[in-house]
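Below are the chains, spelled out letter by letter.
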Amino acid sequence: MTQPSDQRPAWRLKADCLVVGGGAAGVAAAITAARRGCSVIMLERYGFCGGGAVAGLSGTICGLYAASKDDSKPPERVVHGFVAEFIDLMERRGGLTGPVRYGKTFTRVHDPLIWREAADHLLQAETDIRIVYHSIVTEALVDGDECIVGVEAYTKQGRLRVEAKVTIDASGDADIAAMAGLPTTQGDNGHVQNPTMIFRLQGVDVPRFLELYGPDSIMGPDISRLINEENTAERYMLPRSKVFLFPSPRPGELVCNATRVTGRDGRELNPLRAEDLTEAEIVGRAQVREYARFFRNFLRGCEESFVNDTGVQVGIRQSRQIKGVTQLSNVAVRTGAKSPTGIACSSWPIEMHSGERPQLHWLFEDTYEVPYECFVPMRGEGLLMAGRCLSAEHEAMASARVTAQCFSYGHAIGHAAAIASLDGVPPREIDGREIRELVNRDGARLD
């Protein structure tokens, strides 16, 4: 009979706090917990931090600014705290643009290599953080009645067991919660927003490009009409007509959010299915070549352009989310609802990426707040969530998932993890108002 075998010696680590995933939320959570006096272990499947912003090449730090109907109004920052420290470091290293218009708000475009280096710098500055790159979690360690006490992971060295007082699931896909059998959701009755393969276009005459198309990174209706005209079997494969093109910090470069990755049979792909995720990567790369060819042939300034890079992985907007003590509702996002336990705020639009044209629903001159309880599983102990796997309704998630907010979530959950591990308070019993006060002391400016 065939028996599974791994003869390499296993190894173990212990810490106050385990962080699974090194995206914006994971980095902020690890650093915050360490600054509170926790020993921290971070597991990251790639050889660098950044999550969707870097591996998925999303290219922007979205969610920093208010939205306004007045296009003449200058950028107004509404998100502060840990994210300010991170973007200041990126600015000093030349890896971040100033505010770039995105419809009725603004975003910042980053250099993904500088993002990685900034994360390395901040994580290494904390002596009580141990990072294990190239580690893939395979199992949750569950003790007794749904109490998560760590994980097992695959590494090149051998099987790794990490035991921790508190585990933060910053995987983006609620992997630890799912492994432990805790309740989760997937989009709108299982339907999730389609992935996107983002790419970088080099060799662009950016001044000529901006002279004709203006400062808004959302390309106008003339470009959409031209895409629709050229999207024929004989010419191009261009399934999405509204495209977002962002000048980057690098000379002669655009970050291109243009593809719409669906199955060859036209169905929406679920990134939690291995077959679908594989198809998304292949289809995404094929679409990149088509859009790059179209831009080169039709857009001013792109005549000599070429594809410089695509994401290490297809960009995932939505997959699996936790069922939390509280759920961020669609109504809360649309109406700018506030909460006494709100630990982050946002003015980012609800972005619905389905069909050939993404739909944006704006919250003008206001913000909504995300309660702490959205990151606490309704069942299970010893686990906190951070990042886009928060408890939220489908449309709410389409706003709440972006990078600036993920920094804020990680900042808050790092504080909660410190209270849970150092003071022995179960995450469900932590008062979200205390977390709000702590992030405000760190400059979050929620009040």
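Conventions we followed
- Residues numbered from 1 in each chain as written.
- Predicted model: local features only at pLDDT ≥ 70, side-chain atom pairs only at ≥ 80, totals over all residues.
- Heavy atoms only, no water.
- Helix = DSSP H or I, 4+ residues; strand = E, 2+ residues; numbered from the N terminus.
- Rg over C-alpha atoms; globule rule 2.2 N^0.38 Å.
- Buried < 20%, exposed > 50% of the residue type's maximum accessible area, 1.4 Å probe, protein only.
- Contact = heavy atoms within 4.5 Å.
- Areas by Shrake-Rupley, 256 points an atom, 1.4 Å probe, with all protein chains shown as cover.
- Lys, Arg positive; Asp, Glu negative; His and termini not counted.
- Charge placed at Lys NZ, Arg CZ, Asp CG, Glu CD.
- Core = buried A, V, L, I, M, F, W, Y, C linked by side-chain atoms within 4.5 Å.
- UniProt positions renumbered as here; feature names shortened; annotations may be inferred.
- Pairing = 2+ DSSP bridges.
- Axes fitted to C-alpha atoms, helices over the stretch in contact; angles between N-to-C directions.
- Phe/Tyr/Trp six-rings, centres within 6.5 Å; stacked < 30°, edge-to-face > 60°.
- Lys NZ or Arg CZ within 6 Å of the ring centre and 35° of its normal.
- Salt bridge = Lys/Arg side-chain N within 4 Å of Asp/Glu carboxyl O.
- Parallel < 35°, antiparallel > 145°, perpendicular 65-115°, else oblique.
- Left-handed = near helix turned anticlockwise from the far one by under 90°.
- Arc of directions from axis to C-beta.
- Polar contact = N/O pair within 3.5 Å; in protein donor to acceptor, adjacent residues only side chain to side chain.

The protein chain has the name FAD-dependent oxidoreductase in an unreviewed UniProt entry, where Halomonas kalidii is given as its organism.

**Student:** Before we go on, may I ask you to explain the overall build of the protein chain in this structure?
**Tutor:** Along the protein chain, the regular secondary structure elements total 12 helices and 20 strands. Relative to its length of 447 residues, the protein chain is compact, with a C-alpha radius of gyration of 21 Å against a globular reference of 22 Å. The dimensions of the protein chain, computed from C-alpha atoms along their principal axes, are 65 × 60 × 40 Å. Here the protein chain holds 447 residues, and the buried ones make up 60% of them. Taking the contacts inside the protein chain whose residues are at least 6 apart along the sequence as the reference set, 75% of them involve residues at least 24 apart. Approximately 17,600 Å² of the protein chain is accessible, and the part contributed by carbon and sulfur atoms is 48%. Charged side chains in the protein chain number 50 positive and 58 negative. The centres of these two groups are separated by 2 Å.

**Student:** Just checking my understanding: could you explain the nonpolar core for this structure?
**Tutor:** Burial of nonpolar side chains together is a common tendency in soluble globular proteins. Formed by 109 residues in total, the largest nonpolar core has its most connected members in Leu43, Trp115, Ile168, Leu328 and Leu390. Take this core: its biggest share by element is 11 residues, from helix 11 (residues 403-423). Contacts of leucine 328, omitting those with residues within four sequence positions, involve Val333, Tyr368, Glu369, Val370, Pro371, Cys374, Leu390, Ser391, Ala392, Glu393, Ala396 and Ala400. Counting residues in each nonpolar core, the second largest holds 31 residues, with Val204, Ala258, Val288 and Leu299 among its members.

**Student:** Before we go on, may I ask you to explain the UniProt feature "transmembrane region" (unreviewed entry) in the protein chain in this structure?
**Tutor:** Cross-referencing UniProt, the feature "transmembrane region" (unreviewed entry) maps to residues 13-34 and 46-67 in the present numbering. The distance from the first to the last C-alpha atom of residues 13-34 is 16 Å, and the span holds 50% helix and 36% strand. Here residues 46-67 is 18% helix and 9% strand, with 34 Å between the C-alpha atoms at its ends.

**Student:** Help me understand the sheet that holds strand 11 (residues 199-202), please; the structure alone is not making it clear to me.
**Tutor:** To summarise the sheet geometry, strands pair through backbone hydrogen bonds and adopt either a parallel or an antiparallel arrangement. If you trace the 4 strands from one edge of the open sheet to the other, you get 12-13-11-14, paired in antiparallel fashion. The outermost strands of the open sheet, each flanked by one partner alone, are strand 12 (244-247) and strand 14 (306-310). Taken over all neighbouring pairs, the strand axes of this sheet differ in orientation by 30 degrees on average, direction set aside. The pairing of strand 11 with strand 13 (residues 254-257) spans 3 bridges and is classified as antiparallel. Bridge assignment links phenylalanine 199 to a residue of strand 13, and that residue is cysteine 256.

**Student:** Looking at this structure, how should I read the packing of aromatic side chains?
**Tutor:** By the definition in use, this model includes 18 aromatic pairs. Ring centres of phenylalanine 82 and phenylalanine 407 lie 6.0 Å apart, and the angle between their planes is 35 degrees; this geometry places the pair in the tilted category. Highlighted residues: phenylalanine 82 in helix 3 (residues 82-92) and phenylalanine 407 in helix 11, separated in sequence by 325 residues. Take phenylalanine 82 and phenylalanine 407: they sit in the same class, and that class is buried. For the pair phenylalanine 86 and tryptophan 115, a centre-to-centre distance of 4.6 Å together with 50 degrees between the ring planes defines the contact as tilted. Residue phenylalanine 86 is found in helix 3, and its partner tryptophan 115 is found in helix 4 (residues 112-125); the two are separated by 29 residues along the sequence. Note on accessibility: phenylalanine 86 and tryptophan 115 belong to one class, buried. A connected cluster of aromatic rings, assembled from ring pairs, spans Phe199, Tyr236, Tyr291, Phe294, Phe295 and Phe298. If you follow arginine 116 out to its NZ or CZ, it ends over the ring of phenylalanine 48, 3.9 Å from the centre.

**Student:** Looking at this structure, I do not really get the environment of glutamate 429. What am I missing?
**Tutor:** If you trace the backbone, glutamate 429 turns up in the loop between helix 11 and helix 12 (432-441). When the C-alpha atoms of glutamate 429 and threonine 138 are compared, they prove to be 29 Å apart, with 291 residues separating the residues in sequence.

**Student:** Where do I start with the pattern of salt bridges in this structure?
**Tutor:** Charged atoms that come close allow side chains of opposite charge to pair. This model, assessed by the stated rule, comprises 41 salt bridges. Put simply, glutamate 152 and arginine 161 hold a salt bridge, and the shortest N to O gap is 2.9 Å. Among the ionic pairs, aspartate 265 bridges to arginine 267, the shortest N-O distance being 3.2 Å. One salt-bridge network, in which partners are shared between bridges, spans Arg264, Asp265, Arg267, Arg273, Glu275, Asp276 and Glu279.

**Student:** Before we go on, may I ask you to explain the packing of helix 3 against helix 4 in this structure?
**Tutor:** Packed helix pairs are specified by the crossing angle of their axes together with the interaxial distance, meaning the distance between the axes. Here helix 3 crosses helix 4 at 120 degrees, and the two axes come no closer than 9 Å. For the element pair helix 3 / helix 4, the angle class is oblique. For the crossing formed where helix 3 meets helix 4, the hand is right-handed. In this structure, helix 3 contributes Phe82, Glu85, Phe86, Leu89 and Met90 to the contact, and helix 4 contributes Ile114, Trp115, Ala118, Ala119, His121 and Leu122.

**Student:** Is there a simple way to explain helix 12 in this structure?
**Tutor:** An α-helical turn contains 3.6 residues, so a residue and the one three or four places further along point in the same direction. Looking only at helix 12, the buried set comprises Gly432, Ile435, Arg436, Leu438 and Val439. The buried residues of helix 12 occupy one face: seen down the axis, they fall within an arc of 165 degrees. Exposed residues pointing more than 90 degrees away from the buried face of helix 12 are listed as Arg433 and Arg441. With a side-chain oxygen positioned 2.9 Å from the backbone nitrogen of arginine 433, the residue opening helix 12 is aspartate 431. Glycine 443, located one to two residues past helix 12, shows a positive phi value of around 95 degrees.

**Student:** When you look at the sheet that holds strand 3 (residues 60-61) in this model, what are you seeing that I'm missing?
**Tutor:** On the basis of which strands lie adjacent, the open sheet formed by 3 strands has the order 3-5-4 and antiparallel pairing. Either end of the sheet is taken by a strand with one partner, and the two such strands are strand 3 and strand 4 (100-102). One ladder, built from 3 bridges, connects strand 4 with strand 5 (residues 105-109); its direction is antiparallel. For tyrosine 102, the partnering residue across the bridge sits in strand 5 and is threonine 105.

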